[in-house]
Amino acid sequence: MRLWSVHPKYFDRQALTACWREGLLAQAVIAEPGRGYSRHPQLRRFQETEDPRAAIGDYLSAIVDEADARGYRFAREKIRTTGYRRSLIVNDAQLVYEWQHLLAKLERRSPTVWERWRDLPVPDPHPSFTVVSGPIAEWEKVAAAEVAHGRSSTGRSSRGQQETGT
């Protein structure tokens, strides 16, 4: 499950569709906590709010808004509730980490989309998130290969240059 902190405007069709499906799964798990993925670490950001159902609903609403802007037909009526209207927090290093992860996917499967965004060092966050200074989330599974290439928790190489995922 990947509930991106990155704004959906950067997604290719596959990422937008996958985020919608995984967000709907997250919504079902939040509504019925005994379900399968109830302990998935990415759900914590929503589960720890005062109104987890509305928080995930607002998250999904931004995904549908992007789909609408592209002329796709996602079933907005599947969103059970909205109205949290507060920002969730994402650390800047987490946002950069996710950005590098997304760019790598885009380079492989959607080169045209990758070309459009590859030089952007830091993306806008998903509308549900506000960026604060901090490390990659403790729940994130940072690939050993990335550690071997000298990336720190800030997304910078050991030389202090921003990594681009290329």
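No experiment lies behind these values; they were computed from the predicted model shown. (Residues numbered from 1 in each chain as written. Predicted model: local features only at pLDDT ≥ 70, side-chain atom pairs only at ≥ 80, totals over all residues. Heavy atoms only, no water.)

**Student:** Help me get a handle on the overall build of the chain, residues and values and all.
**Tutor:** A count of helical and extended segments in the chain gives 6 helices and 2 strands. Starting at the N terminus and ending at the C terminus, the chain contains elements arranged as α-α-α-β-α-α-β-α. Across the 166 residues in the chain, those meeting the buried criterion constitute 47%. Of the roughly 8800 Å² of accessible surface on the chain, 48% is carried by carbon and sulfur atoms. (Helix = DSSP H or I, 4+ residues; strand = E, 2+ residues; numbered from the N terminus. Buried < 20%, exposed > 50% of the residue type's maximum accessible area, 1.4 Å probe, protein only. Areas by Shrake-Rupley, 256 points an atom, 1.4 Å probe, with all protein chains shown as cover.)

**Student:** Help me get a handle on the environment of Arg 109, residues and values and all.
**Tutor:** One can find Arg 109 in helix H4 (residues 92-109). Arg 109 gets classed as partly exposed once you look at its relative accessible area, which sits at 33%. Residues Arg 109 and Gln 14 lie 95 residues apart in sequence; the distance between their C-alpha atoms is 8.9 Å. A distance of 2.7 Å separates the side chain of Arg 109 from the side chain of Asp 12, its partner in a polar contact. (Polar contact = N/O pair within 3.5 Å; in protein donor to acceptor, adjacent residues only side chain to side chain.)

This is a description of form; function is not addressed.
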